[in-house]
Every structure is written in structure tokens, then in C-alpha cells.
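Each chain, written out:
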Amino acid sequence: MAERILEVHIGAGLDDLRFDMDEAQVRAGLATYGNVVDATAPGGALCLRTEGIDETFSVYAAFKAATGTLYTLEIWRPSNIRLIDVDVFGTLLFATPATQILDRITELGHRVDAEDQWHPILPDASIGLDREGGDDCDDDGLARYFQSIFIAPPGYYARPGCG
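What to know about unusual backbone geometry
- A positive phi angle is found at D15, which is not glycine, with a value near 50 degrees.
- Within the secondary structure layout, D15 lies in the loop between β2 (13–14) and β3 (17–18).

Considerations on the sheet that holds strand β4 (residues 34–38)
- In spatial order, the strands read β4-β5-β6-β7-β12-β11-β10; together these 7 strands make up an open sheet with antiparallel pairing. What marks the edges here is a single partner per strand, and that holds for β4 and β10 (121–122).
- Alignment of β10 against strand β11 (residues 127–130), held across 2 bridges, turns out to be antiparallel. Bridged to L122 within β11 is I127.
- On the sheet, helix α1 (residues 23–30) packs against β4, β5 (47–52), β6 (58–63) and β7 (70–76) and is oriented at approximately 175 degrees with respect to β6.

Describing the nonpolar core
- In terms of nonpolar packing, the biggest core is built from 34 residues, with I75, I127 and I149 touching the most fellow members.
- Those elements giving two or more residues to this core turn out to be β1 (4–9), α1, β6, β7, β8 (84–88), α2 (98–107), β11 and β12 (148–151).
- Of all the elements, α2 adds the most residues to this core, at 4 residues.
- Not counting residues within four places of it along the chain, the set of residues in contact with I75 comprises L6, L14, F57, S58, V59, V86, F94, Q147, S148, I149 and I151.
- In this structure, Y71, I121, F150 and Y156 belong to the second largest nonpolar core, which totals 6 residues.

Focus: the packing of aromatic side chains
- Evaluated as defined, the whole model comprises 3 aromatic pairs.
- An angle of 55 degrees between the planes, with centres 5.8 Å apart, marks the rings of Y71 and Y156 as tilted. Of the two residues, Y71 sits in strand β7 while Y156 sits in the segment after β12, which places them 85 residues apart along the sequence.
- Y156 sits in the buried class, given a relative accessible area of 15%.
- Ring centres of F150 and Y156 lie 5.2 Å apart, and the angle between their planes is 55 degrees; this geometry places the pair in the tilted category. Considered together, F150 and Y156 belong to a single accessibility category, that of buried residues.
- Connected via pairs of aromatic rings, a cluster forms that spans Y71, F150, Y156 and Y157.

Considerations on the side chain of T91
- With respect to the helices and strands, the residue T91 is situated in strand β9 (residues 91–92).
- Not counting residues within four places of it along the chain, the set of residues in contact with T91 comprises V86, T96, I101 and R104.

Quick notes on the sheet that holds β9
- Taken together, the 5 strands give an open sheet; going across it, the order is β3-β2-β1-β8-β9, and neighbouring strands pair in mixed fashion. With one partner strand each, in any of the chains shown, β3 and β9 form the two edges of the open sheet.
- In terms of strand pairing, β1 meets β2 through 2 bridges, oriented antiparallel. What sits directly across from H9, in β2, is G13.

Describing the environment of G134
- If you trace the backbone, G134 turns up in the loop between β11 and β12.
- For the pair G134 and F146, spaced 12 residues apart in sequence, the C-alpha separation works out to 8.5 Å.

Notes on α1
- Within α1, burial applies to V26, G29 and L30. Buried residues of α1 fall within an arc of 95 degrees about the axis and therefore sit on the same side.
- Next to the buried residues of α1 lie β3, β4, β5, β6 and β7.
- A side-chain oxygen of the first residue of α1 lies 3.2 Å from the backbone nitrogen of A24; this N-cap is D22.

Cut-offs used in this document
- Residues numbered from 1 in each chain as written.
- Predicted model: local features only at pLDDT ≥ 70, side-chain atom pairs only at ≥ 80, totals over all residues.
- Heavy atoms only, no water.
- Helix = DSSP H or I, 4+ residues; strand = E, 2+ residues; numbered from the N terminus.
- Pairing = 2+ DSSP bridges.
- Contact = heavy atoms within 4.5 Å.
- Axes fitted to C-alpha atoms, helices over the stretch in contact; angles between N-to-C directions.
- Core = buried A, V, L, I, M, F, W, Y, C linked by side-chain atoms within 4.5 Å.
- Buried < 20%, exposed > 50% of the residue type's maximum accessible area, 1.4 Å probe, protein only.
- Phe/Tyr/Trp six-rings, centres within 6.5 Å; stacked < 30°, edge-to-face > 60°.
- Arc of directions from axis to C-beta.
- Polar contact = N/O pair within 3.5 Å; in protein donor to acceptor, adjacent residues only side chain to side chain.

As C-alpha cells, then:
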């Protein structure tokens, strides 16, 4: 079991980070996961990320350009999952094989869109998952464990150009 478990709040955020928080609130929340650095692309809306707990683990926070408030979060799998993991639907995302996670989500009655097998999405929960890359892949080249989770506010995948 990981030393720290981050909890996804479907449609709302992660742990104490909530969508529509302002930059100062998000910076304070992100600081509990490591050092906060600016990850804004040139000409893009504000984006912050963490570094430091593990060389591969980070939390990315993207903001709405118009309001400057938190819009989406993405959490990347640490190389040492004993340090930190993510609870989604009562299951540890990074410590549980991806196929078991997808089965569990389906058992709970959530729709999984796996048209892109490397990036399945849960449109009704506004969650995207990533099986691309990683050190442990199956015969099809898919990572056996999810490499990241993307969480967004309700209706994210209903927007044109999303998903």
C-alpha cells in the first residue's frame, strides 16, 4: 500500500483541489505534492505542475484562460508506487493492472470508451486514462498499468474537440 493515497472526486477535483479554485488556492494545494513550478506553454493559459516527491510523479493543473481558475488536472504515475497512488472508484489506479481497473469501472456501471485503446475515457465521469509508454507492456504494446489519469469537470468530453 502506498504511503499516500490521492482521492479523485468525480466531477470535482483531487483531494482538496477543486475545479474553479483560483491560482493561489491551487498553488497551496499543489505544494502538498511537491515543489510547484510553472508549466505554461508560450502563449497558453496558466499551467502548473509539481516535482520532487518522485522523479516521475507529478500533478499538472491547467487553468481556464478567461477566468484564471482551475480547469483540469493530470496525475502521472510515480516510478515508486509505494510512495503515492491514486484512488479512483475505490481502487488504487497505479498499483492495479489496467485491465482490472477497466473491469472494475464497468462492474460499477460506468461507461468506458476504449475506441483508443491507449487512452480509454470515461465520458460520464470526465476521466481520461493513459496506457501509453511505461516499462511493462503487454504483447500489444499497451502499458500493463495506467501511466496517468486526467480529470476534468462534468461534461468535459461532451465539448467539441475533447476526447
